[in-house]
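Residue-level structural notes
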Amino acid sequence: MAIQLPIADDSALAPPRDGVVRGACPHDCPDTCAWHVTVENGRAVRMAGDPDHPFTQGFLCAKVNRYVERTYHAERLLRPLKRVGAKGSGSFVPVSWDEALDTIASRLGEIARSADGPQAILPYSYAGTMGMIQGGSMDRRFFHALGASRLLRTICSAAGAAGMQMTVGANIGADAEGIPESDLVLLWGTNTLTSNPHLWPFVLRARERGARVIAIDPIRTRTAAQCDEWIAIRPGTDAALALGIMHVLFEEGLEDRDYLERHTVGADDLRGRACEYGPARAASITGVAPEKIVELARAYGAARAAFIRVNYGLQRHAGGGMAVRTIACLPAVTGHWRRAGGGVQLSTSANFDFDRHALGRPDLGPPARTINMIRLGDALTRPDAGVGGPPVRALVVYNSNPAVVAPERGTVRRGLAREDLFTVVLDHFRTDTADWADFVLPATTQLEHWDVHLAYGHHYVTLNRPAIAPVGEALPNSEIFRRLAARMGLDDPALRDDDLTMIRQALAGAGPKLRGITLEGLLETGWARINVAAPFLPFAEGGFPTPTGKCELRSERLAAEGIDPLPTFTPPYEHPPAVPELAARYPLTLISSPAHQFLNSTFVNVDTLRRTAREPECLLHPDDAAARGIATGARVRVWNDRGSFEATARVAPEIRAGVAWAPSLWWGRYAADGRTVNETTSQGETDMGRGPVFYDNLVEVGPAESSVMPNADRR
Ligand SMILES: Nc1nc2c(c(=O)[nH]1)N[C@H]1C(S)=C(S)[C@@H](COP(=O)(O)OP(=O)(O)OC[C@H]3O[C@@H](n4cnc5c(=O)[nH]c(N)nc54)[C@H](O)[C@@H]3O)O[C@H]1N2
Ligand SMILES: Nc1nc2c(c(=O)[nH]1)N[C@H]1C(S)=C(S)[C@@H](COP(=O)(O)OP(=O)(O)OC[C@H]3O[C@@H](n4cnc5c(=O)[nH]c(N)nc54)[C@H](O)[C@@H]3O)O[C@H]1N2
Ligand code: SF4
Ligand SMILES: [Mo]
């Protein structure tokens, strides 16, 4: 589908020598900020949040305020690199693009033609950029045409997204712009000031108007510290708290009978289930006092419009899907969906009905097996481990840093170390993953390429225009895959579409919420609200996109999958009361949620940010620290049967006893022992969506020199 650009003069689209260029923050963050880049003499010099954008409101976060520094970083990859030393040694020499692409094309071609076939090739990508073009267009077309294995991209949100789908029908929810109308805000399993900072001004406006703001988190994060109240829940037990709240709501007649009758299915069944979770039982599971549960339930029931911002932190446990599903039932019980400021928001992403089929073209090649990205360790080292089909012989990594972010890092690294694995990494920097590559290819940053973005925390589409020419010889992901396709003789015309053509395709075939949004319009305005009211009340009148058209308090789809059709508490795999023997050896639940200064493993190499994050740390409750003879500043080792890493201890009353916090995600190369938190996490999958269980992780912590190290050589 070749579409003519109506813009007569293409040079009008090229980055200017001087001026201000509009763009979008590409990072995996719900805020998807609209930004302005000031360019002088062809160089980006300043960046600022768009003051007119209703969600960005003129500011960027601490990390992205350093984006210029990151873009011109002395260690930025400027040329393709070819490995010369031993695998993993990090010895590379620069080569030309021709040499790199010719060699890669011929190696991939050999594997595709071998008896193992193209499924022996595995693409591995996640959300280094969230852009529709640089994150899910020509790359997908290329691998589909090749017939490569497909990747199940579960590493972040799969469990919660499934929980929402099973309950309200899609991963959509209440509008953050309605929060000022709210009279009770629950920040549930989310560190808003770190991971969703542009939500905070809306929370403050609600508070100025009298709303109470409560954080539910095992850690008194910087967000919880700013709230009116912190509820220090035991990790992985949120469904029990939500059921305890429902128990009180039903018992005290605080439910909205009319909403339940008209817009839900299974209300009576839910009432019966909630009956089983009286405050005493809910308290014994969650560690939250029974009177607190009753008080919270009464406040929730009395509120006109309570806003629950549930985020992905609490679904990184075995029962993550069920936890989100259970919480998502609450506003249907009280009818808060009816009013601005009421409801639940996990994400807004499913509103953005771009034409993903046109972008990714799954029809270009044969069907292929699917590999779950969180089982990369298994896929590379145990081809028999439930994956089936040929061994993975080539790995092409882009927009991700699996040597740091994937669970069970010891196994992942054993896989990456395989001499017979051909690995190509596209990135801006020599990450821990790049160290294991055969070829490292320099990719452009968001300042250097085109893209168009959805958001998962608001309702605006944002265009990204390149502000500067590519740094060094960097190329956009899309162009690298376009060139590889040509070199491999893949000749479908879709493999030659340029980036602007693909933006048009994504919009031309979009669904009703994006209708009318065009490239031309976005070139004028930079961003556009999707076709929903402001604030958007998705379920004020019901209209749930489920099979029944109702909020499914009881889910026949879950029953068909052999999962409890009703909300329930599903314990974590490593729930201490359920696994007493394991808990005796490893009594602490390790949470490795993001450090304020980093975005997953991105920005760790930006000196100013890394200095503020200091070094890999492990925060412990004073009682847990004292019991182990650990003081702030002590060198500690954190370990379990899967592996270990070292950190500097900090004794912190803001941690729930029995919980440890390792702010993440450090690169191995910045850790004194070369190891990081994912040495200890497992490849376990959640109840729904096959997502990761990063925070469902029991460990022991001890002084570094004296601890028992069962897996000292597992690197
Ligand atoms: N600065 C910064 N911002 C980010 C990111 C980043 O790395 N850095 N990452 C981005 C990405 S990819 C994502 S997915 C989002 C994630 O953002 P959030 O969803 O906010 O997720 P996390 O930071 O993983 O966890 C949030 C909180 O959940 C708490 N938590 C852990 N387990 C439980 C539990 O069982 N119950 C409850 N109630 N709370 C629990 C943690 O202690 C943590 O404070 O943030 C995005 N924004
Ligand atoms: N223990 C533990 N593990 C976790 C988490 C946790 O909380 N605890 N969080 C999990 C979550 S929520 C997520 S989303 C994942 C994140 O996992 P990833 O999506 O892998 O995130 P990043 O670590 O930010 O790595 C992104 C990489 O993409 C690169 N990149 C950025 N833009 C481009 C581009 O345009 N082209 C190319 N080729 N590369 C680009 C960046 O430089 C960076 O190296 O990690 C997960 N892992
Ligand atoms: S808050 Fe999120 S979207 Fe905004 S600039 Fe920072 S990382 Fe990007
Ligand atoms: Mo994520």
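A brief report on the enclosed structure follows. Every chain is numbered independently, its residues counted from 1 as its sequence is written. As a convention, the first chain written is A and the first ligand written is 1, with the rest following in written order. Local features in a predicted model are, by the rule used here, given only for residues with pLDDT of at least 70; side-chain atom pairs are given and counted only at 80 or more, and totals for whole chains, interfaces and linings are based on all residues. Here the side-chain values reflect all heavy atoms present in the structure, with hydrogen atoms and water set aside.

Whether two strands pair comes down to DSSP finding at least two bridges between them. Elements are defined by DSSP. Helices are runs of H or I of four residues or more, strands are runs of E of two residues or more, and each kind is numbered from the N terminus. With respect to topology, 5 strands assemble into an open sheet ordered β10-β9-β8-β12-β13, the strand pairing being parallel. With one partner strand each, in any of the chains shown, β10 (229–231) and β13 (343–345) form the two edges of the open sheet. Neighbour-to-neighbour, the strand axes of this sheet turn through a mean angle of 20 degrees, independent of strand direction. Pairing geometry for strand β9 (residues 212–216) and β10, over 3 bridges, is parallel. Among the inter-strand pairings, I216 is bridged to a residue of β10, identified as I231. The convention used is that axes are lines fitted to C-alpha atoms, helices contributing only their stretch in contact, and that angles between N-to-C directions extend from 0 to 180 degrees.

With that out of the way, let us pick up the site of ligand 2. One heavy atom suffices: a residue is near a molecule or strand as soon as one of its heavy atoms comes within 4 Å of it. If you check the shell around ligand 2, you find 32 residues, and the closest are S400, D427, S601, T602 and N678. Pairs of N or O atoms are called polar contacts if they sit within 3.5 Å, as long as, within protein, a hydrogen donor faces a hydrogen acceptor (for residues adjacent in sequence, only side-chain-to-side-chain pairs). Contacts to ligand 2 include S592, whose side-chain N or O atom sits 2.9 Å from a nitrogen atom. In this count, Pro and Cys sit with the nonpolar residues alongside Ala, Val, Leu, Ile, Met, Phe, Trp and Tyr, while Asp, Glu, Lys and Arg are called charged and the others, Gly among them, polar. Residue composition of the shell around ligand 2, by class: 13 nonpolar, 15 polar and 4 charged. Mapping the shell around ligand 2 onto the domain boundaries places at least three of its residues in each of domain 1 (81–155 + 355–453 + 460–529) and domain 3 (576–703). Source of the domain bounds: an automatic or database domain assignment.

With that settled, consider the site of ligand 1. Near ligand 1 lie 34 residues; those nearest to it are D217, Y312, F598, N600 and Y695. A distance of 3.4 Å separates a nitrogen atom of ligand 1 from a polar backbone atom of H596. Taking F598, its main chain carries an N or O atom lying 2.5 Å from a nitrogen atom of ligand 1. Across the complex, the protein chains shield 99% of the 900 Å² of accessible surface that ligand 1 would expose by itself. Each residue belonging to the shell around ligand 1 can be placed in one class, and the counts come to 16 nonpolar, 13 polar and 5 charged. Residues lining the shell around ligand 1 come from more than one domain, with at least three contributed by each of domain 2 (160–349 + 537–560) and domain 3 (576–703). Each accessible area value is a Shrake-Rupley result obtained with a 1.4 Å probe; residue values ignore everything except the protein chains displayed when judging cover.

So, about the nonpolar core. Residues grouped as a nonpolar core are buried Ala, Val, Leu, Ile, Met, Phe, Trp, Tyr and Cys residues, joined through side-chain atoms within 4.5 Å. Throughout, exposure labels follow a simple rule: accessible area from a 1.4 Å probe, protein chains only, divided by the maximum for the residue type, with under 20% read as buried, over 50% as exposed, and the rest as partly exposed. In this structure, W188, M246 and F354 are the most contacted members of the largest nonpolar core, which totals 138 residues. Per-element tally for this core: the top contributor is helix α9 (residues 238–251), with 9 residues. The criterion used for residue contact is that any of the two residues' heavy atoms lie within 4.5 Å. Discounting chain neighbours no more than four positions away, the residues touching F354 are M132, V452, H453, L454, V461, A506, L507, A510 and L514. Among the nonpolar cores identified, the runner-up in size contains 55 residues, and L151, I591, V636 and A647 belong to it.

Okay, unusual backbone geometry next. Cis geometry is adopted by the peptide bond preceding P535, which originates at A534 and carries an omega value of -10 degrees. Cis geometry is adopted by the peptide bond preceding L665, which originates at S664 and carries an omega value of 0 degrees. Within the element layout of this structure, L665 appears in the loop between β26 (659–661) and β27 (698–703). Positioned with a positive phi, Q57 is a non-glycine residue whose angle comes to about 50 degrees. Looking at the secondary structure, you find Q57 in the loop between β3 (43–49) and α1 (67–71). Despite not being glycine, F603 has its phi angle at roughly 80 degrees, a positive value. Structurally, F603 can be placed in the loop between β22 (588–591) and α24 (607–613).

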